[in-house]
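Notes for the structure review
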Amino acid sequence: MTSFNRSTSRRLKKLTQIPSVWEGDRRPLSSPNQVSDSEAKGECILWVDYSQGVVRGMDVVASDTGPEAIVRTLMQAMEHPQSPARPARPQRIVVKDREIQFYLRGVLQDLDIAIDYAPELPLIDELFRGFADILDSQTPDLPPQYAQILREKAFAIWQAAPWEFLQEQQILSIEINRWDVGTLYASVMGMLGMEYGILFYRSEDSLKQFRAAVLTDEESTEHLEEAFLKQDCLFLTFESVDETDEDDDEEDDLADLPLSEIDPTFGNIHPLEGLRSVLYDEEALVILVAIESLSRFIRDHRRQLHEEIFPTLSRRYRISLPQSEESTKSVAVTVSTMPQLAAELEEMAGFGIDDEEINNLDFQSLRDDLIPEDSFLSLGVVSWEMLEFLRKGVSYHQAGEIKQVGDGLPVILIQTSRPKAKTVIERIEAAGGLKAICFNPGADPFDGDRYDLGLLQTQNGELFLFGEFLDEDPIHVEARKKWNQRCKNTKGYCGLIIAKGLTGASRGNPQLRDMMALFEGRSLSPKDLGIGTLQLMPQLKFE
């Protein structure tokens, strides 16, 4: 058994011993009337002065914390009690747990404190009854009668994964005409693999106003947050059950996690209420009907929704309601695509770029579908000797006469699997080959993060994203300095190497035999490219 250091015992014995009886106990932080996981909510440790009727010490600990925690809280109660109590040592302590009694007797044996057992602790019992009343009076996140079925429907949406083929601007209308709700306008989030969920706007105006606010004031995080809170919508979002590593740069995409690690969250946003992660009865029924009808629509029209052109579709469903106080057993719902609204929102996304700027752009669009997501990427250099071997041994595309100045040719190396590498090479060749490599500034106006975006430009003018690097990443900053100097030495010439072997022994360090293609090109500065800072359309976050 762990005991106090002698110096600690001497320090505690110097405290004035008062003729008081203290009660102590440790209990789960949950109400008997609640169906909850007490382990998730932890336990509360209380030490009270029964003689004076005051709380001297309180702490909340995890349920699996050892018995030492109750001693630590007792020490706080003696040396640093809550106001208005003063530091002191009791004559007697009473607990209602035999194990705690025997433990304290061993630990406190040098402090001249009697440790007794009592089956009831009147003051602590009264305090915990008060805690239970508070817990009982709290509004649950979901109405208990709808909680289970809402989660089931949410998981059905997760498995249907509409974000794999629906973009945020491809809106679906859900006509309900019940509970003072006419039509909801569903916007699916998740195609970029960042935030997954569905926003159910109560009006077209709210949807358009938010999009316009985001597009016209992308630089101001404060104004974006204000616009976010002015939305009028219900929402369903998904997050990881374990949020402890949410700031980790290596955080996994939610789509890669098993269903057991996914947690759905429901809520409401309104200009006068702000963000509320609680649904009341009618709201729960509305979102339940909306999710169920949307799931059926996706099931019935999945193939058409995968088409490149957003199709015109409509379907009517009758959705059964769970047993409740509602007299109606079902409600008729019509779900429709809105191609015209989608086109209007896409046109809105052109705000902030005038015709002159559009005419000056030497590319059609920025795409991120060339380089496989799981590729290994590095900025480096190929020695002049290695370059000659590469030119003779791989698929080679020359850009011009390169003077051998410096330690070698600056290159971007992309390593993936052999089949994916072949596809990348074929697509670059089909586009006429590599024209240029550029690092262009990018920004996420919602988070305020600044990025260095790695871009590949093909001979047909298309731009492809190959990497996103935080401006503050010291490793990338150093790599970019070397890249710039090497490109200066070669008068702007650089290269792109496509290699195989991502899952083999040479992962992260491809050898000559793994390299399948070398494309030479020119290095462009952001000024040469002339597209300005690229803004990321922010995904909405609910916390």
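Described in the following lines is the structure provided in the data block. (Residues numbered from 1 in each chain as written. Predicted model: local features only at pLDDT ≥ 70, side-chain atom pairs only at ≥ 80, totals over all residues. Heavy atoms only, no water.)

It is worth spelling out the overall build of the chain at this point. Of regular secondary structure, the chain possesses 15 helices and 23 strands. Counting every position in the chain, which comprises 543 residues, the buried fraction comes to 47%. Intrachain contacts of the chain at a sequence separation of at least 6 include 69% that bridge at least 24 residues. With the model as given, the accessible surface of the chain reaches about 28,500 Å², and the carbon-plus-sulfur share is 46%. (Helix = DSSP H or I, 4+ residues; strand = E, 2+ residues; numbered from the N terminus. Buried < 20%, exposed > 50% of the residue type's maximum accessible area, 1.4 Å probe, protein only. Contact = heavy atoms within 4.5 Å. Areas by Shrake-Rupley, 256 points an atom, 1.4 Å probe, with all protein chains shown as cover.)

Moving on, we get to helix 12 (residues 384-393). Since there are 3.6 residues in each turn of an α-helix, residues three or four apart along the chain are aligned in direction. Among the residues making up helix 12, those that are buried are Trp384, Leu387 and Leu390. Viewed end-on, helix 12 has its buried residues packed into an arc of 105 degrees, placing them on one side of the element. Helix 12 presents Glu385, Lys392 and Gly393 as exposed residues on the side facing more than 90 degrees away from its buried surface. Residues of helix 12 that are buried make contact with strand 15 (376-382), strand 17 (409-415), strand 21 (493-499) and strand 22 (515-524). (Arc of directions from axis to C-beta.)

A few words now on the sheet that holds strand 1 (residues 17-28). Spatially, 5 strands are ordered 3-2-1-4-5 in an open sheet, and the strand pairing comes out mixed. Each edge of the open sheet is held by one strand with a lone partner, namely strand 3 (54-61) and strand 5 (114-117). Each strand axis lies, on average, 20 degrees off the axis of its neighbour in the sheet, ignoring direction. Note: strand 2 (residues 43-49) against strand 3, 7 bridges, orientation antiparallel. Directly across from Ile45, in strand 3, lies its bridge partner Asp59. (Pairing = 2+ DSSP bridges. Axes fitted to C-alpha atoms, helices over the stretch in contact; angles between N-to-C directions.)

Helix 4 (residues 98-107) packs onto helix 3 (residues 68-79) with a crossing angle of 60 degrees between their chain directions and a minimal axis gap of 10 Å. One finds that helix 3 runs oblique with respect to helix 4. Crossing handedness for the pair helix 3 and helix 4: right-handed. Along its contact with helix 3, which presents Glu68, Ile70 and Val71, the element helix 4 presents Ile100, Tyr103, Leu104 and Val107. Among the residues forming the contact of helix 3 with helix 4, the class breakdown is 6 nonpolar, no polar and 1 charged. (Parallel < 35°, antiparallel > 145°, perpendicular 65-115°, else oblique. Left-handed = near helix turned anticlockwise from the far one by under 90°. Nonpolar A, V, L, I, M, F, W, Y, C, P; charged D, E, K, R; others polar.)

What follows is about the environment of Ile149. Within the element layout of this structure, Ile149 appears in helix 6 (residues 144-160). Residues Ile149 and Pro322 lie 173 residues apart in sequence; the distance between their C-alpha atoms is 8.3 Å.

What follows is about the pattern of salt bridges. By the definition in use, this model includes 26 salt bridges. Among the ionic pairs, Arg367 bridges to Glu462, the shortest N-O distance being 2.7 Å. Here the residue Arg367 occupies a position in strand 14 (residues 366-367), and Glu462 occupies one in the loop between strand 19 (449-458) and strand 20 (463-470), the gap between them amounting to 95 residues. Exposure remark for Arg367: the relative accessible area of 26% places this residue in the partly exposed category. Overlapping salt bridges bring together Arg367, Asp369, Arg427 and Glu462 as one network. (Salt bridge = Lys/Arg side-chain N within 4 Å of Asp/Glu carboxyl O.)

Below, the discussion takes up the sheet that holds strand 6 (residues 172-178). Either a parallel or an antiparallel arrangement is found when strands of a sheet pair, and the pairing is made through backbone hydrogen bonds. Taken together, 8 strands build an open sheet; the order of strands is 11-10-9-8-7-6-13-12 and the sheet is antiparallel. Of all strands in the sheet, those with a lone pairing partner are strand 11 (274-276) and strand 12 (314-320), marking the two edges. Adjacent strand axes in the sheet meet at a mean angle of 25 degrees when their direction is disregarded. Of the strand pairs in this sheet, strand 8 (residues 196-201) and strand 9 (residues 233-240) are connected by 6 bridges, and their pairing is antiparallel. Each residue of the ladder has a partner; that of Tyr201, found in strand 9, is Cys233. Those strands touched by helix 9 (residues 281-305) are strand 6, strand 7 (181-189), strand 8, strand 9, strand 10 (262-270), strand 11, strand 12 and strand 13 (330-337), and its axis lies near 140 degrees from that of strand 12.

A contiguous patch of negative charge, built from Asp256, Asp368, Glu373 and Glu468, is present on the exposed surface. Among the secondary structure elements, Glu373 is positioned in the loop between strand 14 and strand 15. (Patch = residues over 30% accessible without salt bridge, like charges linked within 9 Å, V, L, I, M, F, W, Y side chains within 5 Å. Lys, Arg positive; Asp, Glu negative; His and termini not counted. Charge placed at Lys NZ, Arg CZ, Asp CG, Glu CD.)

Moving on, we come to the side chain of Gln101. Considering the arrangement of structural elements, one finds Gln101 in helix 4. Overall, the relative accessible area of 2% leaves Gln101 in the buried class. Sequence-distant contacts of Gln101, defined by excluding residues within four places in its chain, comprise Val95, Ile115, Asp116 and Tyr117.

This brings us to the nonpolar core. With 52 residues, the main nonpolar core has Ile174, Ile176, Phe200, Phe238 and Phe266 as its most contacted residues. Tallying contributions element by element places helix 9 first for this core, with 12 residues. Once residues lying within four places of it in the same chain are set aside, the contact partners of Ile176 are Val181, Gly182, Leu184, Val286, Val289, Ala290, Val331, Ala332 and Val333. Listed in part, the 26 residues of the second largest apolar core include Ile45, Ile93, Leu111 and Ile113. (Core = buried A, V, L, I, M, F, W, Y, C linked by side-chain atoms within 4.5 Å.)

Below, the discussion takes up unusual backbone geometry. The omega torsion of the bond from Ser83 to Pro84 falls at 10 degrees, within 30 degrees of zero and hence cis. Phi is positive for Asn177, close to 55 degrees, though the residue is something other than glycine. Locating Asn177 in the fold gives a position in strand 6. Taking the relative accessible area as the measure of exposure, Asn177 reaches 51% and is therefore exposed.

Moving on, we come to the environment of Leu279. For Leu279, the position within the fold is in the loop between strand 11 and helix 9. Overall, Leu279 belongs to the buried group, its relative accessible area being 1%. Separated by 138 residues in sequence, Leu279 and Asp141 have C-alpha atoms that sit 6.1 Å apart.

If you trace the backbone, Trp163 turns up in the loop between helix 6 and strand 6. Trp163 sits 35 residues away from Ile198 along the chain, and the two C-alpha atoms are 9.2 Å apart. Here Trp163 is in contact with Ile157, Trp158, Val188, Met189, Gly190, Met191, Tyr196, Gly197 and Phe238, once residues within four sequence places are set aside.

Taken as a whole and assessed by the stated rule, the structure comprises 8 aromatic pairs. When the ring of Trp158 is compared with that of Trp163, the centres are 5.4 Å apart and the planes differ by 50 degrees; the resulting orientation is tilted. Summarising the burial analysis for this pair, Trp158 and Trp163 share the class buried. Considering the side-chain rings of Trp158 and Tyr196, the 5.4 Å spacing of their centres and the 75 degrees angle between planes classify their relative orientation as edge-to-face. Placement of the pair is Trp158 in helix 6 and Tyr196 in strand 8, with a sequence separation of 38 residues. Here Trp158 falls in the buried class, since its relative accessible area comes to 10%. Linked through ring pairs, Trp158, Trp163, Tyr196 and Phe238 together constitute an aromatic cluster. Taking the ring centre of Tyr117 as reference, the NZ or CZ of Arg98 above it sits at 3.7 Å. (Phe/Tyr/Trp six-rings, centres within 6.5 Å; stacked < 30°, edge-to-face > 60°. Lys NZ or Arg CZ within 6 Å of the ring centre and 35° of its normal.)

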